[in-house]
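Single-letter residue listing:
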Amino acid sequence: MHSYVWHPYTQMNQWPDFDVITSGKGMWLQDSKGNRMLDGVASMWCNVWGHSKDELVRAMITQTRKLQHSSLFNLTNDKAEDLAAKLVGLAPGMHKVFYSDDGSTAMEISAKMALQYWHNKGKKKKTKFVTLENGYHGDTIGAMSLGYVHSFFSRYKSTLFPTIRIPVPNSYRIPSGFTLEEFQDKCIDRIEKTLSQNDNIAAFVMESGAQVAGGVIIYPDGFQRKIGALCKKHDVLFILDEIATGFGRLGSMIEYQSQKSIPDIVSFGKMLTAGYLPLAATLASKKVYDAFLGRYQDMRHFFHGHTFTGNPLACATAISNLSLYKKYSIISQVKKRSLQLQKRVDEISELELVGDVRHKGMLMGIELVSSKARKSPVAPEKNIQKKIFSEAKKHKIYLRTLGHIVMLVPPLAIPETELDFLIDGTIDTIRKVAKKI
Ligand SMILES: Cc1ncc(COP(=O)(O)O)c(C=O)c1O
């Protein structure tokens, strides 16, 4: 079959064909030839319950029969309203919800909101963003500017807006002469200096809890809280990205709550609809929202909107998803499964090729290196991503690496036996690939 699909982040030359997924049930994806694979990356980190979860499918069918789409321009819809109320109830310090279609647009919205906030406040100089090195916030121009990953985005650099980037403490790659704690203090000092010496800063933007696409860098205790406090002290908006890390991925429903750092603006996506439909939400505090109020002719209102903003079908799915979080106490299940992952960390760390294993909640990054002593990442010419994918497939698991980092990001509700199957298969995959490079 000739395919007309151009795949994301893929050298098309290398893939004469792709497995064609035609159905999914529970943790398993099934292809057109009847082969099954365990979904080890939760279909790009968004699946919560596995595929074809009855309650969710029923909620989607019910909503599809009633209203498929109606716009939020001049109107509202019952599902967008209900979901917004639930999100505000869940997220401390938040007051209003602005919907969009995916994580990248949610982050574009958070940046535009911050810029217009200061414009509306009459502080028009405040237009710069401070970010963390190695952060990732999506693939659109604004999101790429905020979360600049060199290997992904260097081709587009000339078009991206500059941000002030602060190093992030990565326990595996602390500069020599520092302990993790000392390096963290140095990063915090840099932030304090940056915020106190520049009066043009609109916002500090960071992923909440951990950097995911940047290689699973889990922040040391207190790092995020200290940054939040500095933002308050220096009158800079604090923007958090919980698109990949919220909704239980790191073990907490709202990650910023467990980090004790209340943002001014926060975005959720991915697992919001259990990974069934595209939907994201950017939540703003009352302080931020109030700055957009005025008379029409003041033009203080937010100049942003998409065709599918607040799509009722996606919102109904998210509402049903939230009710399942309660019904099945998924956060306490995640804690158990997280311990199961943690118990295997040493075993994985000892494998040839593995330099470091970083883990929190239902997120694990396994960093592959060609030399453990030098910590040198496996080089791109080794084509590790394709090798891992192909070998994992033989073990009936679907893995997608990020560069030289193997990501284990299963659906949150993965049962104990299937999580063991995934870990065993991953270990065997790495062993086999180590022999081939
Ligand atoms: C932290 C973070 N922010 C934003 C995004 C972008 O989300 P999307 O791919 O839905 O545009 C991602 C995607 O992986 C992400 O991990």
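K.L.:
Looking at this structure, I do not really get the overall build of the chain. What am I missing?
P.N.:
Helix and strand counts for the chain stand at 15 helices and 18 strands. Relative to its length of 437 residues, the chain is compact, with a C-alpha radius of gyration of 22 Å against a globular reference of 22 Å. Seen through its C-alpha atoms, the chain measures out along the principal axes to roughly 65 × 60 × 45 Å. Burial status across the chain gives 55% buried among its 437 residues. Just so you have it, the chain exposes about 20,000 Å², and 54% of that area is on carbon and sulfur atoms.

K.L.:
Hey, could you run me through the side chain of Thr 131 in this one?
P.N.:
Inspection of the secondary structure assignment puts Thr 131 in strand S5 (residues 128–132). Within the local environment of Thr 131, its side chain forms a polar contact with the side chain of Thr 163, the two groups lying 3.1 Å apart. Not counting chain neighbours up to four residues away, the residues in contact with Thr 131 comprise Leu 146, Thr 163, Ile 164, Arg 165, Ile 166 and Val 205.

K.L.:
Just to check I follow, could you spell out the packing of aromatic side chains for this structure?
P.N.:
Aromatic ring pairs are described here by two measures, namely the spacing of the ring centres and the angle between the planes. Applying the stated criterion across every chain, the model contains 19 aromatic pairs. Their ring planes at 80° and their centres at 4.8 Å tell us that Tyr 117 and Trp 118 sit as a pair that is edge-to-face. Neither residue differs from the other here; Tyr 117 and Trp 118 are each classed as buried. A cation over an aromatic ring shows up here: Lys 386 above the ring of Trp 15, its NZ or CZ 4.8 Å from the ring centre.

K.L.:
I keep staring at the domain arrangement of the chain and nothing clicks. Help me out?
P.N.:
One widely used convention gives an interface's size as the accessible area the parts lose upon coming together. Each domain of the chain was delimited in the assignment, giving domain 1 (58–327) and domain 2 (329–436). Between the C-alpha centres of domain 1 and domain 2 the distance comes to 27 Å. Of the roughly 1,900 Å² buried at the junction of domain 1 and domain 2 (both faces included), carbon and sulfur atoms supply 60%. When the area that domain 1 buries against domain 2 is broken down by residue, the three leading residues are Tyr 172, Val 216 and Arg 249, summing to 38%. Connecting domain 1 to domain 2 are 2 salt bridges.

K.L.:
Would you take a moment to explain helix H3 (residues 78–90) for this structure?
P.N.:
Residues three or four positions apart in an α-helix share a direction because the helix packs 3.6 residues into each turn. A rise of 1.5 Å per residue sets the reference length of H3, with its 13 residues, at 18 Å; its end C-alpha atoms lie 19 Å apart and thus fit the reference within 8%. Those residues of H3 that sit buried are Lys 79, Ala 80, Leu 83, Ala 84 and Leu 87. End-on, the buried residues of H3 take up no more than an arc of 130°, which puts them together on one face. Along H3, exposed side chains directed more than 90 degrees from the buried face belong to Ala 85 and Gly 89. Summarising the contacts, the buried residues of H3 are in contact with helix H2 (54–66), strand S4 (96–100), strand S12 (280–284) and helix H11 (312–327). Where H3 starts, the residue carrying a side-chain oxygen 3.1 Å from the main-chain nitrogen of Lys 79 turns out to be Asn 77.

K.L.:
Mind showing me how you'd approach the sheet that holds strand S2 (residues 28–31) here?
P.N.:
Across a sheet, paired strands are connected by hydrogen bonds in the backbone, their directions being either parallel or antiparallel. Here 4 strands make up an open sheet; going across it, the order is S1-S2-S3-S16 and the pairing mixed. Only two strands of the sheet have a single partner each, and these edge strands are strand S1 (21–25) and strand S16 (397–398). For S1 and S2, the ladder comprises 4 bridges, and the chain directions are antiparallel. Bridged to Gly 24 within S2 is Leu 29.

K.L.:
Which parts of the structure should I look at to understand the site of the ligand?
P.N.:
All residues in the neighbourhood of the ligand are listed as Trp 45, Asp 102, Gly 103, Ser 104, Tyr 136, His 137, Gly 138, Glu 207, Asp 241, Ile 243, Ala 244 and Lys 270. At 2.7 Å from a nitrogen atom of the ligand is found a side-chain nitrogen or oxygen belonging to Asp 241. Between Lys 270 and the ligand, the recorded distance is 3.0 Å, taken from a side-chain N or O atom to an oxygen atom. Summarising the interface, the protein chains cover 84% of the accessible area of the ligand, which totals 390 Å² for the free molecule. By residue class, the composition of the shell around the ligand is 4 nonpolar, 4 polar and 4 charged.

K.L.:
Can you help me understand the nonpolar core in this one?
P.N.:
One recurring pattern in soluble globular proteins is that nonpolar side chains are buried together. Phe 204, Ile 366 and Leu 368 are the most contacted members of the largest nonpolar core, which totals 89 residues. Element by element, the count of residues in this core is highest for H11, at 8 residues. A domain-level breakdown of this core finds at least three residues from each of domain 1 (58–327) and domain 2 (329–436). Residues in contact with Phe 204, not counting those within four places in the same chain, are Val 130, Leu 132, Ile 166, Ile 191, Ile 227, Cys 231, Val 236, Leu 237, Phe 238 and Ile 239.

K.L.:
Before we go on, may I ask you to explain the packing of helix H14 (residues 384–394) against helix H15 (residues 416–436) in this structure?
P.N.:
In a pair of packed helices, the angle between the axes and the distance between the axes together describe the arrangement. H15 packs onto H14 with a crossing angle of 130° between their chain directions and a minimal axis gap of 9 Å. Here H14 lies oblique to H15, going by the angle between them. Crossing geometry of H14 relative to H15 is assigned as right-handed. Packed against H14, whose contacting residues are Ile 384, Lys 387, Ile 388, Glu 391, Ala 392 and Lys 394, the element H15 presents Thr 429, Ile 430, Lys 432, Val 433 and Lys 436 at the interface. In the contact of H14 with H15, the residues fall into 5 nonpolar, 1 polar and 5 charged.

Cut-offs used in this document
- Residues numbered from 1 in each chain as written.
- Predicted model: local features only at pLDDT ≥ 70, side-chain atom pairs only at ≥ 80, totals over all residues.
- Heavy atoms only, no water.
- Helix = DSSP H or I, 4+ residues; strand = E, 2+ residues; numbered from the N terminus.
- Rg over C-alpha atoms; globule rule 2.2 N^0.38 Å.
- Buried < 20%, exposed > 50% of the residue type's maximum accessible area, 1.4 Å probe, protein only.
- Areas by Shrake-Rupley, 256 points an atom, 1.4 Å probe, with all protein chains shown as cover.
- Polar contact = N/O pair within 3.5 Å; in protein donor to acceptor, adjacent residues only side chain to side chain.
- Contact = heavy atoms within 4.5 Å.
- Phe/Tyr/Trp six-rings, centres within 6.5 Å; stacked < 30°, edge-to-face > 60°.
- Lys NZ or Arg CZ within 6 Å of the ring centre and 35° of its normal.
- Domains from an automatic or database assignment.
- Buried area = accessible area lost by both parts, 1.4 Å probe.
- Salt bridge = Lys/Arg side-chain N within 4 Å of Asp/Glu carboxyl O.
- Expected span 1.5 Å × (residues − 1).
- Arc of directions from axis to C-beta.
- Pairing = 2+ DSSP bridges.
- Near = heavy atom within 4 Å.
- Nonpolar A, V, L, I, M, F, W, Y, C, P; charged D, E, K, R; others polar.
- Core = buried A, V, L, I, M, F, W, Y, C linked by side-chain atoms within 4.5 Å.
- Axes fitted to C-alpha atoms, helices over the stretch in contact; angles between N-to-C directions.
- Parallel < 35°, antiparallel > 145°, perpendicular 65-115°, else oblique.
- Left-handed = near helix turned anticlockwise from the far one by under 90°.

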